[in-house]
Amino acid sequence: MGKRVGMEVSIAASEAVRLANVDVIAAYPITPQTHIVEHLSEFVNNGELDAEFVPVESEHSAMSVCTGSSAVGARSFTCTSSQGMILMSEIIYCTAPMRLPVVMVLANRSLSNPISIWNDHTDVMSIRDCGWIQYFAENGQDVLDHVLISYRVGEDRDVMLPVIVNMDGFSLSHVIEPVELLDQETVDKFLPPYKPDIVLDPAHPVTMGAIVLPSCYTETKKAQDEAVKASMPIILKGWQEFGDLTGRYYHPIEEYRTEGADVLLVTMGGIGETAMWAVDQMREKGCSVGLLKMRLWRPFPFEEFRKAASKARMLVVVDRAVSYGGPGGPVASELRSALYNEPKRPLVANFIAGLASRDVAPFDFIEMVDRAEGAFKKGMEPEYEIYGVRE
Amino acid sequence: MKREQEYKWTDFERGYVITEPGSSREYHTGDWRSQRPIFDKERCIKCGVCWIFCPDSAIRFDTEGYAETDLDYCKGCGICARECLPGAITMVDEEE
């Protein structure tokens, strides 16, 4: 077992990158991800991490460097937020079909405009279909563990996909939490060196990322879709092996006090911990409420979600992004789709909350459950509501 | 080699990596052409400017060193004709 120490979660993320012994880091500082890049550049400068640190001129270049370095067989890391992510998005979409297991920590932040440096999930939801495996962390330990798990899973021969570790900006990235650092020996046991079958090498020339004509494009997309789906067993295996080594077992959907629950709150990311408080308070008052916390967003854990949600009468889904003029928050609309063909399915209420770091307190979750109950009792089934908006 | 229409989704290398170098030669981009360059040997000074500027590497030299084009790959863009110093290249419509 490693030592349990208090540290800023961004520092914990950097420590994980150091422990993963990456070969190339290319990143551009942007709030609230900055501390990760700063800390990593210190590691490299001080000789604590033998990696190439490329101080790129933009995020577009950061992702281009990482895609290229991964293609030559180097373990590659980047991290960004919001506008930076949008600038790199052209290349983000290239990395997955090329099957290059880059790992990125995304310190989630609102997208402009209006300019906001604060936290919600509007950035990552805009690249929902980029083809990367996507985890959501709930606390500092999750972040550290999932950087390591990401390399283990992404670089698996049966996966070979890039991975995003989402962590909420500020409410996770800038808080100091107790984190257990793993020792290098444990990490090395868990994470073998990156050895891809095919690399860019002048001695054995290959072409990566070539043009594909309409006669074959559909087939490449089918292959990509199947690859993401096929990563699921390896993701589960990765968590199992990590748990066996550290005692920390993770699941696609984490359940909290769901035994016999009539109503289930559903969250993704850091607000899950606050929702646990709310569930405790409601349970104390005799309300039959539990909590589902989505840890895996891509591939979407259909089987686990249906199993976890099937017995409830009502889901209260808390989204942290808006789909303007759409069917509701992205999480709720996907959950609804996942349930549509079920013979017995719970009612789904959807609240969009916590935009740009607006507080979502335990009493807000209680209020959402109450309001959803009230609406359904009246026979209303609203698509979604932007919670807490001043009218 | 398999024709592109015969590929199933399971037939690609992972990440559709192309492991056979130079296979793009089999794709005859000259099919797109609506104009072709005509080379006038009387004017050609064998300077190679057309060879430098051709974006498709479709210019080659005959045994005497005069420039000519490989119509399998020439897209008929006309850059060679525009750049040719002695004016030895003219573009003509394919129909003619």
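This structure is a prediction, so every number in the text was calculated from the model and none was measured.

**Focus on the overall build of chain B**
Looking only at helices and strands, chain B features 2 helices and 4 strands. Reading the secondary structure of chain B in the N-to-C direction produces β-α-β-β-α-β. A globule of 96 residues ought to have a C-alpha radius of gyration of about 12 Å, yet chain B, at 17 Å, is considerably larger. Along the longest, intermediate and shortest principal axes, the C-alpha atoms of chain B span 55 × 30 × 20 Å. Out of the 96 residues in chain B, the part that is buried amounts to 19%. Intrachain contacts of chain B at a sequence separation of at least 6 include 69% that bridge at least 24 residues.

**Regarding the confidence of the model for chain B**
Residues with a pLDDT of 70 or more make up 98% of chain B, whose mean pLDDT is 93. Interface scoring of the predicted complex returns ipTM 0.86; its pTM is 0.94.

**Examining the domain arrangement of chain A**
All names here are of chain A. Taken domain by domain, chain A consists of domain 1 (4–246) and domain 2 (253–386). Distance from the C-alpha centre of domain 1 to the C-alpha centre of domain 2: 28 Å. With 26 residues of domain 1 at the contact, the number on the domain 2 side is 19 residues. Only α5 (122–125), β6 (133–136), β7 (163–168), α8 (214–230) and α9 (232–246) provide two or more residues apiece to the side of domain 1 that touches domain 2. Here the element with the most residues in the side of domain 1 that touches domain 2 is β6; it accounts for 4 residues. For the side of domain 1 that touches domain 2, the class distribution of residues is 11 nonpolar, 10 polar and 5 charged.

**Considering helix α10 (residues 271–284) of chain A**
Working note: α-helix, 3.6 residues per turn, so residues spaced by three or four point in the same direction. Residue and element names in this part refer to chain A. Taking 1.5 Å per residue, 14 residues should reach 20 Å; α10 reaches 20 Å between its end C-alpha atoms and fits that length. Among all positions in α10, only I271, G272, A275, M276, A278, V279 and M282 are buried. Looking at the packing, one finds that the buried side of α10 touches β9 (253–256), β10 (263–268), β11 (289–294), β13 (314–319) and α13 (362–377). Looking one or two places after α10, you find G286, whose phi comes out positive at around 90°.

**Overview of helix α12 (residues 330–339) of chain A**
For α12 of chain A, the set of buried residues is P330, V331, A332 and L335 of chain A. Those residues of α12 of chain A that are buried lie in contact with α5, β10, β11, α11 (302–309), β13 and β14 (347–352) of chain A.

**Describing the environment of C84 of chain B**
All names here are of chain B. Tracing the backbone shows C84 in the loop between α2 (79–83) and β4 (89–93). For C84, a count of 22 C-beta atoms within 10 Å puts it in the buried group. Residues C84 and G65, 19 residues apart in the sequence, show an inter-C-alpha distance of 15 Å. Excluding anything up to four places from it in sequence, C84 contacts V49, C50 and I89.

**A closer look at unusual backbone geometry**
All names here are of chain A. Here the residue pair N113 and P114 is connected by a cis peptide bond, since its omega of 0° sits within 30 degrees of zero. Note that P114 resides in the loop between β5 (103–108) and α5. Of note in the backbone geometry, N21 takes a positive phi value of approximately 50° without being a glycine. As for its placement among the helices and strands, N21 is situated in the loop between α1 (9–19) and β2 (24–26). Positive phi is not limited to glycine here, since R99 has a value of about 60°. Positionally, R99 belongs in the loop between α4 (82–95) and β5.

**Here we look at the sheet that holds β10 of chain A**
All names here are of chain A. With mixed pairing, the 6 strands of this open sheet are ordered in space as β9-β11-β10-β13-β14-β15. Unpaired on one side and paired on the other, β9 and β15 (385–386) mark the two borders of the sheet. Pairing of β9 with β11 involves 4 bridges; the strand directions are antiparallel. Across the sheet, E254 pairs through a bridge with K293, a residue of β11. Along the sheet, α10 makes contact with β9, β10, β11 and β13, crossing β11 at roughly 170°.

**Topic: the pairing of β10 of chain A**
Residues and elements named next belong to chain A. In terms of residue burial, β10 counts as a mostly covered element, since 6 of its 6 residues are buried. Residues V263, L265 and T267 of β10 are buried on one face, and the alternating residues L264, V266 and M268, pointing to the opposite face, are buried as well. Here 6 bridges tie β10 to β11, and the two strands are oriented parallel to one another. Note that in β11 the partner of V266 across the bridge is L292. Following the chain from β10 across α10 to the adjacent parallel β11, one finds a crossover that is right-handed.

The rules behind these values
Residues numbered from 1 in each chain as written. Chains lettered and ligands numbered in written order. Predicted model: local features only at pLDDT ≥ 70, side-chain atom pairs only at ≥ 80, totals over all residues. Helix = DSSP H or I, 4+ residues; strand = E, 2+ residues; numbered from the N terminus. Rg over C-alpha atoms; globule rule 2.2 N^0.38 Å. Buried ≥ 20, exposed ≤ 12 C-beta atoms within 10 Å, placed from the backbone. Contact = placed C-beta atoms within 7 Å. pLDDT = per-residue confidence, 0-100. Domains from an automatic or database assignment. Nonpolar A, V, L, I, M, F, W, Y, C, P; charged D, E, K, R; others polar. Expected span 1.5 Å × (residues − 1). Pairing = 2+ DSSP bridges. Axes fitted to C-alpha atoms, helices over the stretch in contact; angles between N-to-C directions. Right-handed = clockwise from strand over helix to strand, strands pointing away.

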